[in-house]
Amino acid sequence: MNRESIYFLPEGSTESTFCYDEDRPRLPLPKLDHTLKRYLESLKPFGSAEELENSKKIIETFRKGVGAKLQAILEAKAAKEKNWVDKWWEDYAYCTLRMPLIPYCVMVQPLLLNTVGLETVPENFLKGPATCMHHNMVFWKLLRTERLRPIASVDKKTVFSAEQYRRLYNTVRTPGLEMDKVECHFRTEREGPCPSHIIVLYGGRIFKVPGLDGNGDPLSPQDFLFSLQQIQLKVEGESVQHAGLPVLTNDDRTTWAKNRQHLVELSSRNRELLLEVESAVALMILDTHSPQDLSDLAQLALTGDVRSKWADKSCGTIAFQNGQMGCYGEHCCYDGSISISISLYVMMSIAEEGVPDWSVPAKNLHFPEELVFDLDDTLREEIVRMEKVSDEMKNSVIVSMDQFQDYGKAFMKQHKIHPDAYVQTALLLTYYRLHGTFAPTYETAMMRQYYKGRTETCRSCSIETVNFIEAMQDSNQSSASKAKLFKLAANRQMELMNEARRGNGIDRHLFGLWCVAFDNGIPTPELYDDPLYSKSGGGGNFILSTSTLGYTINCGFVAPMCMDGYGCFYTMLEDSIWAIFSAYRESTVTSGHKFQQTFHQVMLDLKSLLEQSEGHNKL
């Protein structure tokens, strides 16, 4: 496996990056009866017989009444639009949220560049980001020239939409008083000109650095290093009054929208500089923190020097003073699979090309341009306020990065259990052992095989999972019986995931029906007020928010969906499981540290269970 086979189109290829996007199949719209039947089934782990009977009546009333009306309107919309949920999902699932993007909404990923030869030492504080800036610009150029290979399944039978790559770079989530909007400045070469500069932030100050040389090729790592050295000299050598403006982007969205509008109205220069920041390819943040371990790295990549993070930008890389690195992405713009793709590309590039020869002098000596906004007393006071608020928010989300090294996917496959289903079932058992209840669980189901597809929800907590967990707590049950129930639960998990990927999920359809009612002034149906709707995870109330990130060491995370929930994100290697767990500090219910410890014990117990069962079967 190398970059060429994964990322580059061969010379002379008639394909191009986005050539299949318009031909992707329409997003399916399930029949109302089918969705409601699956929905009722998904409620069973969470309700008493009486509650379930009540929900059954509510569902039937909905099916025969307003639900049928909403479905008819939705079917008419789906007949005209190839993706009936696309705009609603962006607007209502993301852009109407008013909470700060950091730490509550952004996707974050530690970059383990030491595994590909870029040492995590203070000498690489600037050399690491210079290297990453170069490889990011090469990737950006691949997109600009449409030479990035269209993404397909391993067997090449399914081609995925590349649409989200358009919003990886040169994109911003602009704040609004009631609703944000995504503004994309990226263009392919066929479509027209596109900004090619990078914004570097350090000490709350903002610098513009070119990304290309005079021939339109990406600058070398040595070129970028020269620019970063000039920034370091400037920031560390002088104190200024105008630093700290980026911290305003970390406010709640409505307040930031008001401050941004005030900033624009202060001067035409501010309007021009704002466009420079918001249209840039990406951000590079230089952070004086020094993470001590992987959990600390994940934590500081999320928060760290919030004074130097422009939260609205679609893509940012963070370089820490001891040579560690991380990155973050604005989730509204694209999903985690895109983040994993670009970080894997950068790591493979370093592994294949080696660490740059820093003795080679820079050919292009670019002195960065500092972007100094016009501020008044109102904005200066807001900066001071937000610096205090940001400090208080820094530890509101607690993150721990975990390496379970006793076994990995090889053992799971040996016992004929799909690795993802194995880990999902383990997470549900972990939660039950800690809290004594069954957790409504969200797992990301990728839908990029459809036109502008993003994600669907796989509701992992099934009756089969409940039966298995209850058996695990029963000392009278044999190992063979427990192992059988474990496999039944895991198999059901894969069925649910496959259903979701085929467009037969529950949550996007119910969300779409709610949107129809909202947009047409129809009162919210009783279905959405049923206690079991939220108790089963509906309306974004999933206690476990989970996602598998594949089979590499690249692992990222987001904050939990609920105050008393967990974020659980993992990648499965042959002999280990890498995971990142997140929880809220203010929760009096959850503990990320205890969850991690319990998860380890559950994984050991499942291994022992399967081995014991196998031993009994051989007798």
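These numbers come from a predicted model, not from an experiment. Every chain's residues receive numbers from 1 upward, in the order its sequence appears when written. Totals for whole chains, interfaces and linings use all residues, but because this is a predicted model, local features are given only for residues with pLDDT of at least 70 and pairs of side-chain atoms are given and counted only at 80 or more. Calculated side-chain values reflect all of the structure's heavy atoms, with hydrogen atoms and water omitted.

Draft legend 1. Structural view of helix 8 (residues 221-237). The terminal C-alpha atoms of helix 8, which comprises 17 residues, lie 24 Å apart, in line with the 24 Å expected from a rise of 1.5 Å per residue. For every residue, the accessible area obtained with a 1.4 Å probe (protein chains only) is divided by the maximum for its type, and the residue is called buried under 20%, exposed over 50%, and partly exposed between those limits. Strands here mean DSSP runs of E at least two residues long; helices mean DSSP runs of H or I at least four residues long; both are numbered from the N terminus. Every buried residue of helix 8 is accounted for by Pro221, Gln222, Asp223, Phe224, Leu225, Phe226, Ser227, Leu228, Gln230, Ile231 and Val235. By definition in these notes, contact holds between two residues if any of their heavy atoms fall within 4.5 Å. Check the buried side of helix 8 and you find it contacts helix 7 (127-144), strand 4 (197-202), strand 5 (205-210) and strand 6 (283-287). In this scheme, a helix's expected span is set at 1.5 Å multiplied by one less than its residue total.

Draft legend 2. Spotlight on the pattern of salt bridges. Each salt bridge in this description consists of a side-chain nitrogen of Lys or Arg and a carboxyl oxygen of Asp or Glu lying within 4 Å of one another. Summed over all chains, the structure comprises 38 salt bridges. Glutamate 353 is the partner of arginine 3 in a salt bridge, and the nearest nitrogen-oxygen pair spans 3.0 Å. You can see arginine 3 sitting in helix 1 (residues 3-7) and its partner glutamate 353 sitting in helix 12 (residues 336-353), a full 350 residues away along the chain. Take arginine 3: its relative accessible area is 10%, and that puts it in the buried class. When its relative accessible area of 46% is taken as the criterion, glutamate 353 is described as partly exposed. Of the charged contacts in the structure, one is a salt bridge between arginine 205 and glutamate 370, with a shortest N-O distance of 2.8 Å. Taken together, the positions of arginine 205 in strand 5 and glutamate 370 in strand 9 (residues 369-370) put the pair 165 residues apart, joining distant regions of the chain. Glutamate 370 shares its class with arginine 205; the two are buried.

Draft legend 3. Molecular detail of the packing of aromatic side chains. Note on aromatic pairs: the rings of Phe, Tyr and Trp (six-membered ring only in Trp) are paired at centre separations within 6.5 Å, and the planes decide the class, stacked below 30 degrees, edge-to-face beyond 60, tilted for the rest. Across all of its chains, the model carries 29 aromatic pairs by this definition. Ring plane angle 70 degrees and centroid distance 5.1 Å describe the contact between tyrosine 422 and phenylalanine 486, whose orientation is recorded as edge-to-face. Of this pair, tyrosine 422 sits in helix 15 (residues 419-435) while phenylalanine 486 sits in helix 17 (residues 479-501), and the two are 64 residues apart along the sequence. Among the aromatic residues, those joined into a cluster by ring pairs are Phe404, Tyr407, Phe411, Tyr422, Phe468 and Phe486. Residue placement shows lysine 77 over the ring face of tryptophan 88; its charged tip is 4.4 Å from the ring centre. We call a charge positioned over a ring when the NZ of a Lys or the CZ of an Arg lies within 6 Å of the ring centre and within 35 degrees of the ring normal. Its guanidinium or amino end placed over the ring of tryptophan 89, arginine 508 lies 3.8 Å from that ring's centre, counting from NZ or CZ.

Draft legend 4. Summary view of the state of the cysteines. Cysteine sulfur atoms are paired as a disulfide whenever they come within 2.5 Å of each other. Applying the stated criterion across every chain yields a total of zero disulfides. No disulfide involves cysteine 333; its sulfur sits 5.6 Å from the nearest other cysteine sulfur, which is in cysteine 332. Since its relative accessible area comes to 1%, cysteine 333 is described here as buried.

Draft legend 5. Structural view of empty space enclosed by the protein. For each structure, a 1 Å grid was placed over the protein atoms alone; sets of points admitting a 1.4 Å probe that cannot get out are labelled cavities, open sets with protein on both sides within 12 Å along at least five of seven lines are labelled pockets, and lining residues have an atom within 4 Å of a point. Grid points are joined across faces, edges and corners, and a volume is the space filled by probe spheres set on the points. Applying the stated criterion across every chain yields a total of three cavities of 30 Å³ or more. Volume-wise, the largest cavity comes out at about 170 Å³. Every residue lining the largest cavity is counted, 19 residues in all, and those nearest its centre are Leu27, Val85, Met447, Thr455 and Arg508. Elements with a minimum of two residues in the lining of the largest cavity: helix 5 (86-95), strand 12 (455-459) and helix 18 (507-519). Top contributing element to the lining of the largest cavity by residue count: helix 5, with three residues. Of the residues assigned to the lining of the largest cavity, the class counts are seven nonpolar, six polar and six charged. The volume enclosed by the second largest cavity comes to roughly 60 Å³. Taken together, Cys132, Met133, Asn136, Ile198, Ala282, Leu283, Met284, Cys315 and Thr317 form the lining of the second largest cavity. Elements represented by at least two residues in the lining of the second largest cavity include exactly helix 7, strand 6 and strand 7 (315-320). When residues in the lining of the second largest cavity are grouped by element, the largest group, three residues, is from helix 7. In terms of residue class, the lining of the second largest cavity is built from seven nonpolar, two polar and no charged. Side-chain classes are defined by residue name, with Ala, Val, Leu, Ile, Met, Phe, Trp, Tyr, Cys and Pro counting as nonpolar, Asp, Glu, Lys and Arg as charged, and the others, Gly among them, as polar.

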